[in-house]
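Observations on the three-dimensional arrangement
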Amino acid sequence: MAVDILIGLQWGDEGKGKIVDVLAPTYDIVARFQGGPNAGHTLEFEGTKHVLHQIPSGIFHPHIQNIIGNGVVLDPIVFRTEMQKLSDRGVDAAKNLFISKKASLILPSHRVLDRVSEEALGSSKIGSTLKGIGPTYQDKIGRVGLRVGDILADDFKACYDRLVDRHRSIVEFYGQKLELGDQEQAFFEAVDYLRTLQLEDTEYMINNAMQNSKRILAEGAQGALLDVDFGTYPFVTSSTTLVAGACTGLGVAPRHIGEVYGIFKAYCTRVGSGPFPTELLDEVGESIRQAGREFGSTTGRPRRCGWVDLPSLKYSIMLNGVTQLNMMKADVLTDFDTIKVCTHYKLASGEITDQVPHTMDVEKLEPVYEELAGWRVELNKIESIEELPEAFKTYLSFLEQHLQVPITIVSVGPDRKSTLKREAIIA
């Protein structure tokens, strides 16, 4: 049995958590393969909003085993708080949650490193969430980091102290002091809690499940345009957000990849710094922000908003081998008379291209738009594909013809039930 993968195709915040929740009932296992508490997967059902940061989005389905893979960086403090919130809502998450012993640990000192290094960049700052993600991945690549399995060793505290001393010297290099306050005590209390859970060699667990014909869904965090290699570098995250990241972040061979679900919004958003060719800095952008409630589920930061960008979507589809597209938040565009779609870029040389250049510097790149008629119908009241207005169906068909991948799910509202499944025909 193959592993299906669900990833975001833009700069994150596409609505992956909702789609995982919708698809989850047909799977036996849902696994996170990269990222950390910088992710915020929002699910809404029965009138209640749920935000998950490190725990897979299948956790609300009691029959599903949920895995935090080795590619994830885990903050024990945030994780413990997240587990408590689930418990308060009557979810026994510990029963069906398995954590890779090879997942990296975020220490309180990683957060400090994140802050001082971001401050040192001044006006060139990346726009980090300051959750300690980047420094933790740096330690992983530098082969000095701590992993979940290390908390079971007798010398864990000594290993922790050595790493913190290393961090202290780096912080002092920036002319600051490493002050952890009560975070250190909270960290060790959270580590004690972590020891009570199911810590496993999850790569064996996943491969054994495949051999036993179990259905597995790998859940990505952030988005393809934030990938450390192929994203808008250096304004990217610190992990591999592409399909390839599921192979290394779970221990799955490439030949076992099945369906690849690519998630995108009917428009486009971005949080933090970095290029954004279709960004709208006017009242239209603000209207999208307010209608879409575009504020970060992890940080609360207002998201930058713009029209959908087809060259970047094609790029993400190509890099990930996407087999099905899922469009999110189509209802947000209801009040516009016309909808713009970026189909190409105009480079500084005057060349028109539909390829993503080495740099997406907006001073050297101008979006080329086509305009389509708006629909001005409240989509969130629609319960079947057949009821969709013709103008919206035209919008879907236009995107499909350019992207050459079927749009099989359309979300027209935040609730589970506002998710329409669709059969697409591409000419």
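Only a predicted model underlies this, so the values are computations on that prediction, with no experimental measurement involved.

Another aspect to go through is the overall build of the protein chain. For the protein chain, the count of helices and strands is 11 helices and 20 strands. In terms of principal-axis extent, the alpha carbons of the protein chain reach across some 65 × 50 × 40 Å. In the protein chain, once contacts between residues fewer than 6 apart in sequence are set aside, the share between residues at least 24 apart is 76%.

This part takes up the pairing of strand β7 (residues 97–100). By the alternation rule, side chains of β7 split into L97 and I99 and F98 and S100, which are all buried. As defined by bridge partners, strand β5 (residues 65–68) adjoins β7 across three bridges and the pair is classed as parallel. Looking across to β7, one finds that I68 is bridged to I99. Pairing of β7 with strand β9 (residues 198–200), which is carried by three bridges, proceeds in the parallel orientation. Its bridge partner lying in β9, S100 is registered against E200.

With respect to the helices, strands and loops of the structure, V236 is situated in the loop between β10 (216–219) and α8 (243–250). In the structure, V236 is positioned 37 residues away from S273 in sequence and 9.2 Å away in space, judged by C-alpha atoms. Excluding residues within four positions of it along the chain, V236 makes contact with I126, L225, L226, D227, V228 and G231.

Moving on, we get to the environment of L197. Relative to the helices and strands, L197 is located in the loop between α6 (183–194) and β9. Taking the relative accessible area as the measure of exposure, L197 reaches 14% and is therefore buried. Sequence-wise, L197 and F98 are 99 residues apart; in three dimensions their C-alpha atoms are separated by 7.6 Å. Beyond its immediate sequence surroundings of up to four residues, L197 is in contact with F79, M83, A94 and I99.

Time to look at the sheet that holds strand β11 (residues 257–265). In spatial order, the strands read β9-β7-β5-β2-β10-β1-β11-β15-β19-β20; together these 10 strands make up an open sheet with mixed pairing. Whereas interior strands pair on both sides, the edge strands pair on one side only; in this sheet they are β9 and β20 (419–421). Between one strand and the next, the sheet's axes are offset by a mean angle of 25°, whatever the strand orientation. Relative to β20, strand β19 (residues 407–411) runs antiparallel, the two sharing three bridges.

Inspection of the entire model under this criterion finds 20 salt bridges. With its nearest N and O atoms 2.7 Å apart, the salt bridge here joins K16 to E14. Across the pair, E14 and K16 agree in class, each one buried. The shortest N-O distance in the salt bridge between E279 and R304 comes to 2.9 Å. Residue E279 is located in the loop between β12 (268–270) and α9 (283–291), and its partner R304 is located in strand β13 (residues 304–306); the two are separated by 25 residues in the primary sequence. Relative accessible area serves as the criterion here: at 18%, R304 is assigned to the buried category. What you see here is one network of salt bridges that share partners, running through D13, K265, E294, R303 and K329.

This model, assessed by the stated rule, comprises 11 aromatic pairs. Between Y160 and F188, the ring centres sit 4.7 Å apart and the planes meet at 70°, which makes this aromatic pair edge-to-face. One end of the pair, Y160, is in helix α5 (residues 156–173); the other, F188, is in helix α6, and 28 residues separate them in sequence. Their ring planes at 40° and their centres at 6.4 Å tell us that F392 and Y395 sit as a pair that is tilted. With F392 and Y395 both in helix α11 (residues 390–403) and three residues apart, this pair spans about one turn of that helix. What makes F392 buried here is its relative accessible area of 0%. A relative accessible area of 1% means that Y395 is categorised as buried.

Grouped together as the largest cluster of nonpolar side chains are 57 residues, with contacts concentrated most on L325, M327, L333, L388, F392, Y395 and L399. With six residues, the top contributor of residues to this core is α11. Apart from the residues lying within four places of it in its own chain, the contact partners of L399 are F264, V308, L310, M327, V341 and I407.

Here the focus is the side chain of S316. One can find S316 in helix α10 (residues 310–320). We classify S316 as buried; its relative accessible area is 1%. The contacts of S316, once residues within four sequence positions are left out, are L9, A224, L225 and V322.

As a further point, take the side chain of N96. Mapped onto the elements of the fold, N96 is located in the loop between α2 (76–88) and β7. For N96, a relative accessible area of 16% translates into the label buried. When residues no more than four places from it in sequence are discounted, the contact partners of N96 are P62, I64, Q65, N66 and Q198.

Attention now goes to α6. In a regular helix each residue adds 1.5 Å, so 12 residues correspond to 16 Å; α6 covers 16 Å between its end C-alpha atoms and thus fits that length. Those residues of α6 lying buried are F187, A190, V191 and L194. Along α6, the residues classed as buried sweep out an arc of 105° about the axis, all on the same side.

Criteria and thresholds
For every chain, the first residue of its written sequence is number 1, and the numbers climb from 1 along that sequence. The predicted origin of the model limits local features to residues at a pLDDT of at least 70 and limits the giving and counting of side-chain atom pairs to 80 or more, whereas totals for whole chains, interfaces and linings rest on all residues. Excluding hydrogens and water, the side-chain values take into account all heavy atoms of the structure. Helix and strand assignments come from DSSP, with helices taken as H or I runs of at least 4 residues and strands as E runs of at least 2, each series counted from the N terminus. Contact definition: two residues touch when any of their heavy atoms are within 4.5 Å. Only protein chains enter the calculation, and the probe is 1.4 Å; a residue is then buried if its accessible area is under 20% of its type maximum, exposed if over 50%, and partly exposed in between. The rule for pairing is simple: two strands pair if DSSP sees at least two bridges between them. Under this scheme, a helix contributes an axis fitted over its contacting stretch, all axes are lines through C-alpha atoms, and angles between N-to-C directions fall in the 0 to 180 degree range. Salt bridges, as used here, are contacts in which a Lys or Arg side-chain nitrogen is within 4 Å of a carboxyl oxygen on Asp or Glu. When the centres of two rings from Phe, Tyr and Trp lie within 6.5 Å, Trp using its six-membered ring, the rings pair. Their planes under 30 degrees apart give stacked, over 60 give edge-to-face, and anything left gives tilted. To define a nonpolar core, start from buried Ala, Val, Leu, Ile, Met, Phe, Trp, Tyr and Cys residues and group those joined through side-chain atoms within 4.5 Å. The span you would expect from a helix comes to 1.5 Å times its residue count less one. Each C-beta atom gives one direction from the helix axis, and the arc is the one those directions make.

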